[in-house]
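Examination of the molecular architecture
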Amino acid sequence: HKASRANQSLCCARAHASSTEATYAFSSAQRAACTHQISSARTPPPHRMASKLAGGEVVLDHGTFKANQPPLAPKRKLKIDRKKSDVEWQWAPFTNQAREDGLVLHHWQKKGVEFAEYPYARFNTKLERVTYTDDEYERLLADRHWTRSDTDYLINLCHRLDLRWPVILDRYAPVPPRPLEQLQRRYYHCAHALARDRYRRSRGGRLESEGGVPAYVDQSQALGISSRTRDFDVAYEEKRRRQAHVAYCRTRAEEAEERRLRDELKAVELESRRLKRRARGQPADEPPRRSGLEAARLAANAIAPPKRPQPGQPYLQSSRLKPPEGAQGLSKGMLTKLALVLEELGVPARPIPTKLSCDAYDALRRDIVTLLSLQKLATSKDLELRQMRRAADDQHARAQHAARAAQQHTRAQAYAAPKRTAPQVTRGQVQKRARR
């Protein structure tokens, strides 16, 4: 329909228009016909073709495409020292001794290097099963809170799940359900009792120990026991988990309140130490108090400035990357915070020790130390301001209370004083005054 209308407009333009108007009409009709032909052909432009073919094909030489080629990157000549890169690699098969099916896999390894066994097979540690006889159960493991069937089920579950206690708690099915601490206590008690009894029997009734730790503990680590689980305290473990849960569920407001209380406690401890020194008559031992800006400037200057090489005194550029430990104005807490901020910013622990990178690294550390010092100063000043406001509010409240008490006392005295009665005037005195 669009093509017929375009042809009709073209004929009308040729028949009825003048030379100038006919030329303009012919050009517009021709453009309309060409647009219809292009749209009917549905041939996408080069940029649309590139967007459709970008899923695995690469643009080459101003719009030409070639499939099944890797992405192109800007070419750059790399200087490779062939003498130092003589290590050859080969695609070699290997078997993992941790697998029982004998599956053969392949990986890259240095040519000429052979391993007796797969190096990472040593990480495949398995938990030994805790076994016991009827006599051992009656002598060592009998408990009125645990039946033999529940104990067997727990021991088998711990061996099958490799002492992954959250999973064990989820899979433990016997009724009634038991808390995690009870399961841990039962397993560790059984493992320690059996290992201790068997070690004593093998040694002729003697129980040796090294550094306060029984020797059977070191020989029975495959059972999942250690010196820390020898006397498992259920009450302490329950308290620890409860405190961890409370700390995990804290809100931001509670965390801010805790930080505020800690800051106040630090200020109170600092003030108490000062008062104790003054009471002992030792004011000279107090260090000179500096302003906050001076302390921040001193801490920032603790980062050593860049050295200049001198004849006969060589030094390593990488020595500038070491943390400035023991410098005046930098405490261990400040160094720890500096390391945390650098890690948070994604700065590598040891960048390439060029002069430019070392200068930038020192400047960044100075800025971070200055920022931390100013934050500490702002926190202390904020604490002092809150304390002064609290003291002013208390003083104002006491003044208001005193004024209110004085006002009430004045009113009470006024009510208690005898009332003065007006003198009575007789009729004759009134007339006498009127005559006057």
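Just so it is clear, the model here is predicted, and its values are computed rather than measured.

Remarks on a positive patch on the surface
Together, R273, K276, R277 and R280 make up a positively charged patch on the protein surface. Within the fold, K276 resides in helix 10 (residues 252-279).

With respect to the pattern of salt bridges
Per the counting criterion, the structure on display carries 23 salt bridges. Here E258 ties to R250 by a salt bridge, and the two come within 2.0 Å at their closest N and O atoms. Judged by relative accessible area, E258 falls into the partly exposed class, the value being 25%. Relative accessible area serves as the criterion here: at 31%, R250 is assigned to the partly exposed category. As a salt-bridge pair, E264 and R260 come within 2.4 Å of each other at their nearest N and O atoms. With a gap of four residues between them, E264 and R260 both fall in helix 10, about one helical turn apart.

Some remarks on the side chain of D197
If you trace the backbone, D197 turns up in helix 7 (residues 180-202). Assessed through its relative accessible area of 10%, D197 is described here as buried. Not counting residues within four places of it along the chain, the set of residues in contact with D197 comprises R139 and L140.

Observations concerning unusual backbone geometry
Within the chain, D162 stands out as a residue other than glycine whose phi angle is a positive 55°. Within the secondary structure, D162 is located in the loop between helix 5 (148-160) and helix 6 (165-171). According to the relative accessible area criterion, D162 is partly exposed, its value standing at 38%. Phi at L163 takes a positive value of approximately 55°, unusual for a residue other than glycine. Structurally, the position occupied by L163 is in the loop between helix 5 and helix 6.

Observations regarding the nonpolar core
Formed by 32 residues in total, the largest nonpolar core has its most connected members in V130, W165 and Y187. Those elements that place two or more of their residues in this core are helix 4 (134-141), helix 5, helix 6, helix 7 and helix 8 (215-219). Top contributing element to this core by residue count: helix 7, with 10 residues. If you look at the next biggest cluster of nonpolar residues, it comprises 11 residues, including L330, L335, L342 and I368.

So, a nonpolar patch on the surface
Side chains of V87, W89, W91 and W108 sit close together on the surface and give an oily, nonpolar patch of about 520 Å² of accessible area. By the secondary structure assignment, V87 is in the loop between strand 2 (64-66) and strand 3 (89-95).

Description of the side chain of E264
The class of E264 is buried, set by a relative accessible area of 18%. Residues in contact with E264, not counting those within four places in the same chain, are L383 and R390.

With respect to the packing of aromatic side chains
Applying the stated criterion across every chain, the model contains 10 aromatic pairs. Centre to centre, the rings of W91 and W108 are 5.3 Å apart; their planes meet at 65°, and the pair counts as edge-to-face. With W91 in strand 3 and W108 in strand 4 (residues 104-110), the pair connects residues that are 17 residues apart, well separated along the chain. One aromatic cluster is present, built from ring pairs that chain together F94, Y118, Y120 and F123.

Cut-offs applied
One numbering rule holds for all chains: residues counted from 1, following each sequence as written. Local features in a predicted model are, by the rule used here, given only for residues with pLDDT of at least 70; side-chain atom pairs are given and counted only at 80 or more, and totals for whole chains, interfaces and linings are based on all residues. Computation of side-chain values: all heavy atoms of the structure, hydrogens and water removed. Distance thresholds for patches are 9 Å for like charges and 5 Å for nonpolar side chains (Val, Leu, Ile, Met, Phe, Trp, Tyr), applied to residues having over 30% relative accessible area and no salt bridge. Here, Shrake-Rupley sampling with a 1.4 Å probe gives the accessible areas, and only protein chains in the shown set may cover a residue. A carboxyl oxygen of Asp or Glu within 4 Å of a side-chain nitrogen of Lys or Arg is what we treat as a salt bridge. Note on charges: Lys and Arg go in the positive column, Asp and Glu in the negative column, and His and the chain ends are not counted at all. To locate a charge, take NZ of a lysine, CZ of an arginine, CG of an aspartate or CD of a glutamate. Put simply, DSSP marks the helices as runs of H or I at least four residues long and the strands as runs of E at least two long, and each gets a number from the N terminus on. Exposure classes here rest on a 1.4 Å probe applied to the protein chains alone. A residue is buried below 20% of its type maximum, exposed above 50%, and partly exposed in between. Contact criterion: two residues are considered in contact whenever any of their non-hydrogen atoms come within 4.5 Å of each other. By nonpolar core is meant a set of buried Ala, Val, Leu, Ile, Met, Phe, Trp, Tyr and Cys residues that side-chain atoms within 4.5 Å join together. Within 6.5 Å between ring centres, the rings of Phe, Tyr and Trp (the latter by its six-membered ring) count as paired, and their orientation is classed by plane angle as stacked under 30 degrees, edge-to-face over 60, tilted in between.

Limitation: the analysis is restricted to geometry and does not speak to function.
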